[in-house]
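As a plain string of letters, each chain reads:
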Amino acid sequence: MRRWLGLGALLAVAFVGAVVLGPAHVALRDLASSDIVLSLRVPRALLALLVGGSLGVAGASLQALVRNPLADPFLLGLSGGAGLGAVLAIALHVAGPWALPLAAFAGALGAMALVYRLGLVGGAQLDPRVLLLAGVAVGAFAGAITTAIVSLAEAADLRNAFLWLWGGLSGASWDTVLVMAAYIPLPLVVLYAAARPLDLLALGEEPATHLGADVEPLKRRVYIAASMLTAAAVAVSGVIGFVGLIVPHITRLVWGHRHRALLPAAFLAGGALLLFADTAARVAVAPRELPVGIVTALVGVPLFAVLLRRWGGAGARA
Amino acid sequence: MSTATPLLSVRGVTYRYPGAAADALHDLSLDVRAGEFHAVLGPNGSGKTTLVRVALGLVAPDTGAVDLAGRRAADWPRRALARVVGVVAQREDNLFPQQVRETVLLGRYPHLSMWGAERPADQAAVTRALERCDALGLADRWIWTLSGGEYQRVRLARALAQEPSLLVLDEPTASLDLRHEMEMFELVRTLVDRHGLAALMITHHVNLAARFADRVLLLADGRSAAQGVPAAVLTHDTVERVFAWPVAIAPFDDRPQMIPLRQPKESA
């Protein structure tokens, strides 16, 4: 219980910080009436919470699915597909407020479908190892096309595309928050319902089957739900790396590996991490703004290095 | 012999892996009843593990039928089957560090509802399973600190936590030393005698199978070379032929024991 209260407090601090801090100074007593706060900072903070939470849950589930603790939701080619979709929309100057997110979402879903198809071995069984390799291959291929388009684009487009590829929440609005809030419950519930069988999967597919898990449907459900979460996150905020990789590891240290506790904790911790990172991205070089993916990478990589050393230690004892 | 419905009934099963030149299993039959310890022996590649996969409904036979507790193996939902059959597979991974009680608790999965938490009855079943495997003292240990023999007892406890009627063990004593081999066989024998379980064990230990099992199936190239009580199956000629090595067979405690000889005979 104490750990949940602690996580709740951390999340509250992150949220308040995101609302109070910013390049424009807003006095505390004006917070509730300030336009900057109500129409920019609050929806942006909520979006950071939803996106960070989605990436945390997607990462935790995918690590269990591909049975590799080093898996990241973007390792499965989704970032490549989304990036390609977004850059195409930018280069073709597709107009409209939803053009970029929709193009990125379509690109991510395209990559997901392709990786899924490649991961089906013999047309029947989803092989997580093949899935991982297919993800890397599809991501690299999409990345090559993306770079080709960017290199032929005009300077202004290039900058936009570049910024998008590193992720950012500056597109946040109440509309994006509502769309995300309406969209993510379904995949989240699907993944939470798979929490116990995911525990079994850590033993291997055949032992999980012996313990009563329907492994093939389980793998499909988890892959599709986690990919749908990631696709939505990338559509509204670009490629924000390391959240989906780091958050499950940190939460596993505190909550253990059992997914019934791990998945909710990963959602809250992912939200808190992205809130902190986004606040830092807005404040650090104010009035300009860093892509939040740079902040998560700058924080995530050293943290990951520490975890790798711990993990290696545990492995050496095994 | 008991006339009750066998917990496992394999009847005339033939199975060939896709693209293979020969049958992995050919016209094989086998019944395992409650209170019966059944051992399956045979050289490498004789079809022992394929038999387990077919028996558990993981692979559908080309011809013949497999029933588990009176129901066609392929018709069982996996969760319901896991309440009837507990399996100690040849291999498993440990992706994340686990403690012994935690991993045994995974055996309760087929008894839990999708959203509900573990009940006191589940914890009690875990404790009971650990006790039966003489592993209660290990409950708070991390898996990676266990010896090979301790780990196998914990895995057996996890299968028992499922509260099955039939235990299937695929080479549970591989790479264990003498004491731990004996402990595992004694444990399975006790579970069968005292708790009325049925056990099907794949093993390479001809002598331990002869000492502990009620019935033995000797496999050779996917076919039954002999089947029945140990004394009827493990005869000099049959064992020599199946394992392609000269042996002597001598009785001990009324059970046949095999001694491999040093040199192959000229004729062999």
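What counts and how
- Residues numbered from 1 in each chain as written.
- Chains lettered and ligands numbered in written order.
- Predicted model: local features only at pLDDT ≥ 70, side-chain atom pairs only at ≥ 80, totals over all residues.
- Helix = DSSP H or I, 4+ residues; strand = E, 2+ residues; numbered from the N terminus.
- Buried ≥ 20, exposed ≤ 12 C-beta atoms within 10 Å, placed from the backbone.
- Contact = placed C-beta atoms within 7 Å.
- Rg over C-alpha atoms; globule rule 2.2 N^0.38 Å.
- Pairing = 2+ DSSP bridges.
- Axes fitted to C-alpha atoms, helices over the stretch in contact; angles between N-to-C directions.
- Parallel < 35°, antiparallel > 145°, perpendicular 65-115°, else oblique.
- Left-handed = near helix turned anticlockwise from the far one by under 90°.
- Nonpolar A, V, L, I, M, F, W, Y, C, P; charged D, E, K, R; others polar.
- pLDDT = per-residue confidence, 0-100.

A. Spatial organisation of the overall build of chain B. Counting secondary structure elements, chain B contains nine helices and 12 strands. Taken over the C-alpha atoms alone, chain B extends approximately 65 × 40 × 40 Å along its principal axes. Every one of the 268 residues in chain B was classed for burial, and the buried ones make up 43%. Counting only contacts in chain B whose residues sit at least 6 apart along the sequence, the fraction spanning at least 24 positions is 64%.

B. Inspection of the overall build of chain A at higher detail. Summing up its helical and strand segments, chain A has 14 helices and two strands in all. A compact globule built from 318 residues should have a C-alpha radius of gyration of about 20 Å, and chain A, at 19 Å, falls within 12% of that. Taken along the three principal axes of its C-alpha coordinates, chain A extends 60 × 50 × 35 Å. Out of the 318 residues belonging to chain A, those deemed buried represent 52%. Summarising the internal contacts of chain A: among those between residues at least 6 apart in sequence, 77% fall at separations of at least 24.

C. The sheet that holds strand S9 (residues 215-220) of chain B, seen in detail. All names here are of chain B. The strand order across the open sheet formed by six strands is S6-S7-S8-S3-S9-S10, and the pairing between neighbours is mixed. Bordering the open sheet on either side are strand S6 (85-88) and strand S10 (223-228), each of which pairs with just one other strand. In this sheet, adjacent strand axes meet at a mean angle of 15 degrees when their direction is disregarded. In this sheet, strand S8 (residues 198-202) lies alongside strand S7 (residues 166-170) in parallel orientation, the contact comprising five bridges. Bridged to Val 168 within S8 is Leu 200. Lying on the sheet, helix H1 (residues 48-55) is in contact with strand S3 (37-41), S7, S8 and S9; it crosses S7 at an angle near 150 degrees. Across the sheet, helix H5 (residues 148-161) lies against S6 and S7, angled at about 165 degrees from S6, the strand it touches most.

D. Spotlight on the pairing of S3(B). Residue and element names in this part refer to chain B. Within S3, five of the five residues are buried, leaving the element largely enclosed by the surrounding structure. Of the two faces of S3, both are covered, the one formed by Phe 37, Ala 39 and Leu 41 as well as the one formed by His 38 and Val 40. Inspection of the sheet shows S3 paired to S8 by four bridges, in the parallel sense. Paired with His 38 across the bridge in S8 is Leu 200. As judged from the four bridges shared by S3 and S9, these two strands associate in the parallel manner.

E. Local environment of helix H9 (residues 236-243) of chain B. All names here are of chain B. Those residues of H9 that sit buried are Val 239, Glu 240 and Val 242. As for H9, its buried residues are in contact with S9, S10, strand S11 (247-252) and strand S12 (255-260). In the stretch just after H9, Ala 244 is the one whose phi turns positive, near 55 degrees.

F. Main features of the packing of H5(B) against helix H6 (residues 178-195) of chain B. Residues and elements named next belong to chain B. Running from N to C, H5 and H6 point in directions that differ by 15 degrees, and their axes come no closer than 10 Å. By the angle class used here, H5 and H6 are roughly parallel. Regarding H5 and H6, the two cross each other, and that crossing is right-handed. Touching Gly 148, Gly 149, Gln 152 and Leu 156 of H5 are His 180, Glu 183, Met 184 and Leu 187, all from H6. The class makeup of the residues in the contact of H5 with H6 is three nonpolar, four polar and one charged.

G. Quick look at the environment of A:Met228. Here A:Met228 is to be found in helix H11 (residues 215-237). With 116 residues separating them in the primary sequence, A:Met228 and A:Met112 have C-alpha atoms 8.6 Å apart.

H. Up close: the confidence of the model for chain A. Model confidence for chain A is summarised by a mean pLDDT of 88, while 97% of its residues fall at 70 or above. Within chain A, no element has a lower average pLDDT than helix H14 (residues 292-317) of chain A, which sits at 77, and none a higher one than helix H8 (residues 185-193) of chain A, at 96.

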